[in-house]
Amino acid sequence: MESRVCQRERRSWATIDLNQLVRNYEIYKRSLKVDTKVMTVIKANAYGHGDSEVAAALQKHGVSMFAVSNVDEAVTLRQAGITGEILILGYTAADMADVLLEHNIIQTIVSEEHAAALAATGIPVRCQFAIDTGMNRIGLDADNVDACERIIRTYQEKLQICGLFTHFCVADTDQEACVRFTGEQVQKFRAVVDSVADLNLSYIHCCNSAAGIFHLNKGVEFKGIDRIVRLGIILYGLKPDYSNTIPEEIKPVLTWETSVSMVKELNVDETVGYGRTYKATEKRKIATLTTGYADGYNRGLSNCGYVLLHGKRAPIVGRICMDQMTVDVTDIPEARMGDRVTLLGRNGNEIISADDMAQLLGTIGYEVVCCISNRVQRFYI
C-alpha cells in the first residue's frame, strides 16, 4: 500500500473534477438514441483518473454498467463498493474462475480454447463472447458465422453466456475507406447476433466512444445491435482522435500541476541537464520543476514541450529527468519558488490538454493520461 506522509504537500498532483465527469456522461448520453444504455469504461485506473473514485461518482449518478481490463481491476471496484455489472474486456486465466464467480464479474471469452478452459473448471462463470469483426485481436472469427453459432450454443449450455460484443478499428475517422470498414464490421457482427437471436442474450454491444457519437445516429444499420455503448475516452473529456470534434460542453476532467523549486540565471554558453542538450545562446532565466518521467511526464517532451506558468507558456529546456525538469522563464519575470505550474489544464487564458501534449509526442491522449504514475497525488472535487 502506498504511504502518504502529508496530503498537503504539493510536488506533482492531479485534480479530478467529478462533477465535470458526470456532466460529460450526461452530455454524451443525451447525444445517443434514447433507448441506448451506456457502459462506462474504467480500465487502466479509469484512464489515470482513479478507478474507485470515478466509478463511485458514476454509480451515485445511476450508472450500473462498468468495463475494466482485468480481474484485479474488477475486484478493486467490488472492494470499493461498486455493485453494478462489471465486464472484463480481456483475457483471464481459467484458474481465476472462482474469483470471477465470487465477485459476480462477467468475463470476456476471447476464443473457443478459452471457452473450453473456463467450462472445464465446472464453475458457472458469467461470460460474454468477443466477436472478431476485423480488429484481429481477440474473439471468435465473424467471417465464419456457422462456427460462431456452434461455439456460442455449445458453451451456452456449459457457462452462463449473457452477451456478445465486438470492437471497431477505425470508428474515430470519417475517411471513406474507414467508414466503409466500420459498416462491414457492423454487418459481420449483426450476422453473428442474428444467428443466436433465440438465446435472448442480455448484452449486445459494439459501439465505443467514437462509434456512439459519430456513427450510431446516422442510419439504421445498427438496429438490433445498439443496446449499449461503451463510453471510454470521451467520458474523461478527451478525443478519440485529435481531428475529432466532440460536443463543446464536454471538457477534460483532469488537471495536472507541479511546483517551481528554484529559479536561476543561465549565462551565455551554459548548458542544462543530462547530455547538455540545451545551450544558452544568450542570458536566460530557467526554473526547475518538481515533476519528471517517473511521475509519468514523457521524456520525449525534452526540448520541445511546454508548461503553463502565470498564464504564459514556458518551454522545456534540457532533458526531462526522473524527478525534475527545467523550463525557460525568461519571459515570465514574476516566476518564483513555490509557484504552481500547469502541466495539463488551464492557466489564465492558456490551455494544454492531453490531446495537445499527445500531438507533440506523436501519440494519443489516452497514453498521456494513462501514464500519469501513482506517485502523482490525486485530489477529487
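Anything mentioned here points back to the structure above.
This structure is a prediction, so every number in the text was calculated from the model and none was measured. (Residues numbered from 1 in each chain as written. Predicted model: local features only at pLDDT ≥ 70, side-chain atom pairs only at ≥ 80, totals over all residues. Heavy atoms only, no water.)

Draft legend 1. Structural view of the nonpolar core. If you look at the biggest cluster of nonpolar residues, it comprises 115 residues, and the most contacted ones within it are Ile42, Phe129, Leu164 and Tyr297. A per-element tally of this core places helix α1 (residues 18-30) first, with five residues. Sequence-distant contacts of Leu164, that is, excluding residues within four places in its chain, are made with Gln128, Phe129, Ile131, Ile152, Phe189, Val192, Val193, Val196, Leu201, Tyr203, Ile204 and His205. Among the nonpolar cores identified, the runner-up in size contains six residues, and Tyr278, Ala280, Ile286 and Val317 belong to it. (Core = buried A, V, L, I, M, F, W, Y, C linked by side-chain atoms within 4.5 Å. Buried < 20%, exposed > 50% of the residue type's maximum accessible area, 1.4 Å probe, protein only. Helix = DSSP H or I, 4+ residues; strand = E, 2+ residues; numbered from the N terminus. Contact = heavy atoms within 4.5 Å.)

Draft legend 2. Highlighting unusual backbone geometry. For Asn45, which is not a glycine, the phi torsion comes out positive at approximately 55°. Even without a glycine there, the phi angle at Arg276 is positive, about 50°. Summarising the element assignment, Arg276 is placed in the loop between β12 (271-272) and β13 (278-279).

Draft legend 3. Spotlight on helix α8 (residues 176-195). The end-to-end C-alpha separation of α8 is 29 Å, in line with the 28 Å expected for 20 residues at 1.5 Å each. Three or more residues of α8 are buried, namely Cys178, Thr182, Gln185, Val186, Phe189, Arg190, Val192, Val193 and Ser195. Check the buried side of α8 and you find it contacts β6 (126-132), α7 (145-156), β8 (160-165) and β9 (203-207). (Expected span 1.5 Å × (residues − 1).)

Draft legend 4. Looking closely at the state of the cysteines. Under the criterion given, the structure shown has zero disulfides. You can see Cys127 has no disulfide; the closest cysteine sulfur is in Cys162, sitting 7.4 Å from it. Assessed through its relative accessible area of 0%, Cys127 is described here as buried. With no disulfide of its own, Cys321 lies 15 Å from the sulfur of Cys304, the closest cysteine sulfur. (Disulfide = S-S within 2.5 Å.)

Draft legend 5. Inspection of the pairing of strand β3 (residues 65-68) at higher detail. Burial along β3 is two-sided: Met65 and Ala67 and Phe66 and Val68, pointing in opposite directions, are all buried. Bridge count for strand β2 (residues 37-41) against β3 is two bridges, and the pairing is parallel. Its bridge partner being in β3, Thr40 is matched across the sheet by Phe66. With four bridges connecting them, β3 and strand β4 (residues 85-88) associate as parallel partners. From the neighbouring strand, Met65 faces β4, where its bridge partner is Glu85. (Pairing = 2+ DSSP bridges.)

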